[in-house]
Amino acid sequence: MIVYGRAKLLVPTLPNAIPMSVPLHNNNNSIRSGFPSSITFEFFYNAFPTMSTSISTEDEASPPSPPSPPNEIQEQTEKRGSAVRCYPWLSLTLSELTPSRTVEILLEHQKNPRCALDFFYWARRQSGFQHTLKSLATIIHILVQGCMMNEAYALVNRFILLNKCNDRVVSNCGVFVEGFEKWASLPSVFSLLISACVQHRMIDEALQILNVMKTRGLAPTIKSFNALLNALLSSKRTDEFWDIFRAMSELSIQPSLYAFNIVIDGFCQQGRVELAHEFVIQKERDGYALDVVIYNTLIDGFCKAGELSKAKDVFLKMVDKGILANKRSYNILISGHCKKGDVEGALGHWDSMLENGLVPDAFTNNALVDGLCRKGKMEEAEKRLQKMVQEGFIMDSITYNTLINGHCKEGNVQQAFKLCEEMWQMGLVPTVRTYGAIIDGLCKRGDMQEAEKLLKQMEDNGPFSDPIIYNIMINGYCRQGRMDEASGLLDNMVQKGIVPDVVSYNGLINGLCRKGMLQEAEQKMAQMIQKGLVPNLIIYTTLINGHFKQGSPELALRLWEQMLENGILPDSLVFSLMIYGLCQNGEIQKAQHFLSEMLNTNLVPSAHLCKTLMHEVCKQGSIADAFIIRKELEQRGIIHAAKSFTAVITALRKGKCKQG
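In this report, we go over the structure that sits alongside the text. (Residues numbered from 1 in each chain as written. Predicted model: local features only at pLDDT ≥ 70, side-chain atom pairs only at ≥ 80, totals over all residues. Heavy atoms only, no water.)

### Some remarks on the packing of aromatic side chains
Defined as follows: Working definition: a ring pair exists when centres of Phe, Tyr or Trp rings (six-membered ring for Trp) sit within 6.5 Å. Plane angles under 30 degrees give stacked, over 60 give edge-to-face, the rest tilted. Secondary structure counts use DSSP, requiring at least four H or I residues in a row for a helix and at least two E residues in a row for a strand, with both numbered from the N terminus. Accessible area is worked out with a 1.4 Å probe on protein chains only. A residue is then buried under 20% of its type maximum, exposed over 50%, and partly exposed in between.
Counted according to the given criterion, the structure contains 12 aromatic pairs. Taking 4.9 Å as the distance between ring centres and 85° as the angle between the ring planes, the aromatic pair formed by F159 and F176 counts as edge-to-face. On the criterion of sequence distance, the pair formed by F159 in helix 6 (residues 149-164) and F176 in the loop between helix 7 (169-172) and helix 8 (186-199) is long-range, its members being 17 residues apart. Judged by relative accessible area, which is 1%, F159 ranks as buried. Here a set of aromatic residues connected by ring pairs shows up, and it is made of F241, W242, F260, F267, F279 and Y288.

### Digging into the packing of helix 27 (residues 518-530) against helix 29 (residues 553-565)
To keep it simple, the criterion reads: Lines fitted to C-alpha atoms define the axes here, with helix axes fitted over just the stretch in contact, and angles between the N-to-C directions of these axes take values from 0 to 180 degrees. An angle counts as roughly parallel when it lies under 35 degrees, as roughly antiparallel when it exceeds 145, as roughly perpendicular when it falls between 65 and 115, and as oblique in every other case. For any helix crossing, the convention is left-handed if the near helix is rotated counterclockwise from the far helix by under a right angle, and right-handed if that rotation is clockwise. Residue contacts are counted whenever heavy atoms from the two residues lie within 4.5 Å of one another.
In the contact formed by helix 27 and helix 29, the axes pass within 14 Å of each other and the chain directions differ by 15°. Considered as vectors, helix 27 and helix 29 are oriented roughly parallel to each other. Pair helix 27 / helix 29 crosses with left-handed handedness. Across the interface between the two elements, E522, M525 and I529 from helix 27 touch R558, L559 and Q562 from helix 29.

### Quick word on the state of the cysteines
For clarity, the cut-off: Any two cysteine sulfur atoms within 2.5 Å of one another count as a disulfide.
Following the criterion strictly, the structure yields 0 disulfides and no others. C408 forms no disulfide, and the closest cysteine sulfur to it belongs to C420, at a distance of 9.6 Å.

### Some details on helix 12 (residues 257-269)
For clarity, the threshold we go by: Take the residue count of a helix, subtract one, and multiply by 1.5 Å to get its expected span.
Taking 1.5 Å as the rise per residue, helix 12 with 13 residues should run 18 Å; its terminal C-alpha atoms sit 18 Å apart, in good agreement. All of the buried residues along helix 12 are A259, F260, N261, I262, V263, I264, G266, F267 and C268. Those residues of helix 12 hidden inside the fold are in contact with helix 10 (222-234), helix 11 (238-250), helix 13 (273-285) and helix 14 (292-304).

### With respect to the nonpolar core
As a reminder, the rule being used: Residues belong to one nonpolar core when they are buried, are Ala, Val, Leu, Ile, Met, Phe, Trp, Tyr or Cys, and are joined through side-chain atoms within 4.5 Å.
Ranked by internal contacts, the top residues of the largest apolar core, which has 195 residues, are F176 and F190. Sort the elements by how many residues they give to this core and helix 8 lands first, with 9 residues. Not counting the four nearest positions on each side in its chain, F176 is found in contact with A137, I140, H141, F159, L186, V189, F190 and L193.

### Some thoughts on the environment of N475
Secondary-structure assignment places N475 in helix 24 (residues 468-479). Relative accessible area serves as the criterion here: at 30%, N475 is assigned to the partly exposed category. Distance in space between the C-alpha atoms of N475 and V503 is 9.7 Å, their sequence separation being 28 residues.

### Quick notes on helix 16 (residues 327-340)
Put simply, the rule reads: Counted as a polar contact is a pair of N or O atoms within 3.5 Å, where, for protein atoms, one must be capable of donating a hydrogen and the other of accepting one, and residues adjacent in sequence contribute only when both atoms are in side chains.
Between its first and last C-alpha atoms helix 16 spans 20 Å; for 14 residues at 1.5 Å apiece the expected length is 20 Å, and the two agree. Taking burial as the measure, the 14 residues of helix 16 include 10 buried ones, the bulk of the element. Turning to helix 16, its buried residues number three or more, namely S329, Y330, N331, I332, L333, I334, S335, G336, H337 and C338. Buried positions along helix 16 lie against helix 14, helix 15 (308-320), helix 17 (343-355) and helix 18 (362-374). With a side-chain oxygen positioned 3.2 Å from the backbone nitrogen of R328, the residue opening helix 16 is N326. Looking one or two residues beyond helix 16, the residue adopting positive phi is G341, at roughly 90°.

### Section: the packing of helix 6 against helix 8
Filter applied, for reference: Residues were grouped as follows: Ala, Val, Leu, Ile, Met, Phe, Trp, Tyr, Cys and Pro as nonpolar; Asp, Glu, Lys and Arg as charged; and all remaining residues, including Gly, as polar.
Where helix 6 meets helix 8, the closest approach of the two axes is 9 Å, and the angle between their N-to-C directions is 60°. In terms of axis orientation, helix 6 runs oblique to helix 8. Note on packing geometry: the crossing formed by helix 6 with helix 8 is right-handed. Contacts between helix 6 and helix 8 pair M149, A152, Y153, V156, N157, F159 and I160 from the former with L192, L193, S195, A196, C197 and Q199 from the latter. Among the residues forming the contact of helix 6 with helix 8, the class breakdown is 10 nonpolar, 3 polar and no charged.

### Comments concerning unusual backbone geometry
The backbone of C147 sits at a positive phi, close to 60°, despite the residue not being glycine. Take C147: it is sitting in the loop between helix 5 (133-145) and helix 6. Judged by its relative accessible area of 64%, C147 falls in the exposed class. Although it is not a glycine, N602 adopts a positive phi angle of roughly 65°. Tracing the backbone through its elements, the reader meets N602 in the loop between helix 31 (588-600) and helix 32 (607-619). Among the residues examined, N602 registers a relative accessible area of 69% and is labelled exposed.

### Topic: the environment of C610
As for its position among the elements, C610 is in helix 32. The class for C610 is buried, based on a relative accessible area of 3%. Spatially, the C-alpha atom of C610 lies 9.8 Å from that of S576, the residues being 34 residues apart in sequence.

### So, the pattern of salt bridges
Spelled out, the test is: What counts as a salt bridge is simple: a side-chain nitrogen of Lys or Arg found within 4 Å of a carboxyl oxygen of Asp or Glu.
This model, assessed by the stated rule, comprises 21 salt bridges. The closest approach of N and O atoms between K590 and E587, which form a salt bridge, is 4.0 Å. For K590, a relative accessible area of 38% gives the class partly exposed. Assessed through its relative accessible area of 29%, E587 is described here as partly exposed. Overlapping salt bridges, with partners in common, bring together R101, E104 and E108 in one network.

### Focus on the side chain of T102
Tracing the backbone shows T102 in helix 3 (residues 99-108). Reaching out from T102, the side chain makes a polar contact with the backbone oxygen of T98 at a distance of 2.7 Å.

Next up, the structure:
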């Protein structure tokens, strides 16, 4: 046991370990620059990073160790010589530690990856020495061959970070091939490179490395493909996602169930759940034994698409195949039914879950409470919750926030305040969402004074950067037509360092438009653009509607063009507003053009919109145009076109239309 400062170091029992108190003589310019005259604990740890030490504290007054007798010094010197024989690189001089010699030493320890790693780290710590890409590639290959994948991945990450800043990751990855062409570790090393690129969100580089593998005739591992598929799907790069999946088939790489699950999830995220279902059926025909994870992904896809009956069919089919449903299976179904408003269906799956011996977790309980609150069944939600608590369920912030939000929507703000107090008593800190629900409830019932008090309380408790509370308050002021207070609150946000978002401006612009203050609304939109925010579809729709109401179709058309220039795609509502507004302002030909554009984007006009346009065309006296509109609607399969055309027949009978 050796005293080092105030810590007592317990030297690990290792064969031929270097005694820490033996002086090292600086003969032959050996590498000792920067080190003390004797080998310290720090040197020992740096030289052998994988060796562990135990540290215990001892009183400062501990007496120093007595000097070693001559025979003990001789024994320690012999041990040191033995250590140098085991680790010959310890005696290397700085001039001898060349890049080529470094690689040679690593290769000499190829069959002892732990020793090779010790040398690699020891060399890295020497003053004036720096590893080359070749030595880095060599140690990574050695570690992969020795199945030390975690250590290899850490060094691959270092390679990525070293080359990321100068965009040389792909150009330098050739160093992992040259000289290692016959190494069995080669595909796995490239797999680690791809995984590391994906981790650093360098998807383009990962794809390029995959191409390097192809050009050099290397077969990528299934892990490489899985990592890429996952990353591309998460980044919504669906075209490249399918390219990679097809490449797996071309290279005769047999996808794993994990890869199948990614593909199914990909279909579902694109809204192509039926294709996901067909994919599952095909894989079953091909003889694959699919697992509960894959079925859960498909069930989740159908639930999110609102296809609850199909989700249940897949669930029952899974059970019929002898695959046991797990907790997640039931959670998906319960959550899906609750979001759809079918609480009875959710309760049915809840009972089935209990019958099969599965205990509902926090997600299950919160989903059911949320479903009941959405339906306004607050009393039943609290009764259910009371029973859950009796059975051991501990309410969390999500549970309280759900209840508080439900009570506020029902106008019962007092109960929401009580639950907020209860949260504090339970040691749970109310979140911005908690206060947001209460303030929203107060604003909706017109109690802006109480809302202001609660906002002040929040501000006094400490700064917060989320603009959601201020957005709710702005909407509350706008509902009451108090535009000065709403604008003032927006300015107050900026003064407090809270950055307004699109929603902040959306509420204010909507309020200004309702008051007929179009000029001020336009100014606010110009202000948000100046701050780098892009107006969304709601803002453009609000302003377009406001200009039509004030009889300014030219300004509405200007906003339409600006909206398209900003890459915002119109929906049915804004198309309908354009057509109605143009009709009301006598711009019938332009209204017809917008109907054609609406149909070209596969949006379906309402029956009322078709009838309005037909009627306005007939009022203009152009039966030919009316027939053209009818034909275009029928060609698109819009069934209410014929009903709308009765306006034309009526006009003909009254003699209001001129043929041709």
